[in-house]
Amino acid sequence: MNDEYPLTPEQISNYRRDGFIQLNDVITGQDLAAMREAITRAVQEESATDNPQRVKSSYEQIFIQKVNLWTRHATVRPFVLNHRFASLAQRLSGAPVRIWHDQALFKEPHTGAKTPWHQDTLYWPHEPKREQTTIWIALQDTTIHNGCMSFIPGTHKLEGIEPVNLSDPQELYEIAPQTKGIKPVTCELKAGSCTFHNGMTFHYAGPNRSDGMREAMAIIYMPETTIYNGVSHVVTDPIKEELVVGAKFDHKLFPMVAN
Ligand SMILES: O=C(O)CCC(=O)C(=O)O
């Protein structure tokens with residue numbers, strides 16, 4: 001897990017042109033099995049007290065989302081902070097990176113709804129917003145049938161688009177008419193393969209129509225130089241007294257992982 005995954009100059013320039021890339025087999029064999037075990041256990045533990053009768057909000061119907069598992073589960077920590085993923089983020093984005101946060105994203109069988117088209121960075125208290133990147137790792141095979149990811153190439157370069165409300169999504173063509181005519185690319189992934197996407201790239205995942213959970217782990221990186229702008233966010237609100245608006249995210253919750 002500490003060795004580097006090879007990347008060609010062409011892959012790096014494709015990522016920068018398209019705003020996403022698929023990389024196969026970034027984690028394999030026993031490492032993959034251990035990562036899947038650690039994350040599924042952590043999600044199960046944290047979901048154990050959920051009331052199955054409670055009616056879920058439209059956002060909760062998209063997936064079970066557990067944010068920052070690395071801070072609460074020693075078993076998850078080495079997979080989130082590991083050098084192989086972080087070095088990929090650094091080489092693709094072209095900047096030293098720190099962790100923004102992780103999130104397990106588990107779409108439930110049959111009921112897991114689609115993840116609407118959206119851009120990520122618009123929700124985050126970050127300035128500037130152009131180079132954040134997410135590794136989205138399939139913990140088991142993900143296909144169109146169980147909710148794999150799709151991306152609209154080049155949309156990370158668009159300007160002035162309003163954030164999509166994931167609980168009540170607007171039509172993509174209304175919010176971003178510039179995307180009309182650009183063909184989305186769907187990335188089916190074998191377990192242990194991943195995509196990286198720029199946080200400004202429009203992406204989507206279909207509903208889970210299968211009998212099994214769609215298990216994915218996302219780790220989000222930001223350039224070391226990213227500035228906190230004070231906008232409310234679930235990750236920063238509990239520690240906002242420890243951050244300075246207008247300064248970098250120099251805090252133990254946002255460790256540097258690749259220089
Ligand atoms: O897993 C999904 O369904 C969507 C993931 C996503 O939007 C993201 O990782 O930014």
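Before reading on, note that the structure itself is shown above.
In this text, all values refer to a predicted model and were calculated from it rather than measured experimentally. (Residues numbered from 1 in each chain as written. Predicted model: local features only at pLDDT ≥ 70, side-chain atom pairs only at ≥ 80, totals over all residues. Heavy atoms only, no water.)

Engineer: Sorry, what's going on with the site of the ligand here?
Structural biologist: Lining the immediate surroundings of the ligand are Phe 63, Leu 105, Lys 107, Thr 115, His 118, Asp 120, Trp 136, Met 149, His 197, His 203, Ala 205 and Arg 214. The side chain of Thr 115 places a nitrogen or oxygen atom 2.6 Å from an oxygen atom of the ligand. Interatomic distance of 3.3 Å between a side-chain N/O atom of His 197 and an oxygen atom of the ligand. Against a free-state accessible area of 290 Å², the protein chains account for coverage of 96% of the ligand. With respect to the detected pockets, the ligand is housed in the largest pocket. Elements with a minimum of two residues in the shell around the ligand: β3 (97-107), β4 (115-118) and β10 (203-205). Partitioning the shell around the ligand into residue classes produces five nonpolar, four polar and three charged. (Near = heavy atom within 4 Å. Polar contact = N/O pair within 3.5 Å; in protein donor to acceptor, adjacent residues only side chain to side chain. Areas by Shrake-Rupley, 256 points an atom, 1.4 Å probe, with all protein chains shown as cover. 1 Å grid on protein atoms, 1.4 Å probe; cavity = no way out; pocket = protein on both sides within 12 Å on 5 of 7 lines; lining within 4 Å. Sits in = over half its atoms within 2 Å of the grid points. Helix = DSSP H or I, 4+ residues; strand = E, 2+ residues; numbered from the N terminus. Nonpolar A, V, L, I, M, F, W, Y, C, P; charged D, E, K, R; others polar.)

Engineer: I would appreciate a short explanation of the packing of aromatic side chains in the present structure.
Structural biologist: Aromatic ring pairs are described here by two measures, namely the spacing of the ring centres and the angle between the planes. Under the defined criterion, the tally for this structure stands at eight aromatic pairs. Residues Tyr 228 and Phe 249 carry aromatic rings whose centres are separated by 5.6 Å and whose planes lie at 75° to one another, so their mutual orientation is edge-to-face. Here Phe 249 lies in the loop between β12 (227-228) and β13 (256-258) and Tyr 228 lies in strand β12, a separation of 21 residues in the sequence. Across this residue pair, the class does not change: Tyr 228 and Phe 249 are buried. (Phe/Tyr/Trp six-rings, centres within 6.5 Å; stacked < 30°, edge-to-face > 60°. Buried < 20%, exposed > 50% of the residue type's maximum accessible area, 1.4 Å probe, protein only.)

Engineer: Looking at this structure, how should I read the pattern of salt bridges?
Structural biologist: Within this structure, the stated rule accounts for 13 salt bridges. For Arg 84, the salt bridge is made with Asp 3, and the minimal N-O distance between the two is 2.8 Å. Of this pair, Arg 84 sits in helix α4 (residues 83-93) while Asp 3 sits in the segment before α1 (9-18), placing them 81 residues apart in sequence. Residue classification places Asp 3 among the partly exposed positions, given a relative accessible area of 46%. With its nearest N and O atoms 3.0 Å apart, the salt bridge here joins Glu 60 to Arg 54. For Glu 60, a relative accessible area of 27% puts it in the partly exposed group. Overall, Arg 54 belongs to the partly exposed group, its relative accessible area being 46%. (Salt bridge = Lys/Arg side-chain N within 4 Å of Asp/Glu carboxyl O.)

Engineer: What exactly am I supposed to notice about the packing of α1 against α4 here?
Structural biologist: Two quantities define a packed helix pair, namely the angle between the helix axes and the distance between the axes. For the pair α1 and α4, the least separation of the axes is 9 Å and the interaxial angle reads 70°. The orientation of α1 with respect to α4, classified from their angle, is roughly perpendicular. Along its contact with α1, which presents Gln 11, Ile 12, Tyr 15 and Arg 16, the element α4 presents Arg 91, Leu 92 and Ser 93. Tallied by class, the residues present in the contact of α1 with α4 amount to three nonpolar, two polar and two charged. (Axes fitted to C-alpha atoms, helices over the stretch in contact; angles between N-to-C directions. Parallel < 35°, antiparallel > 145°, perpendicular 65-115°, else oblique. Contact = heavy atoms within 4.5 Å.)

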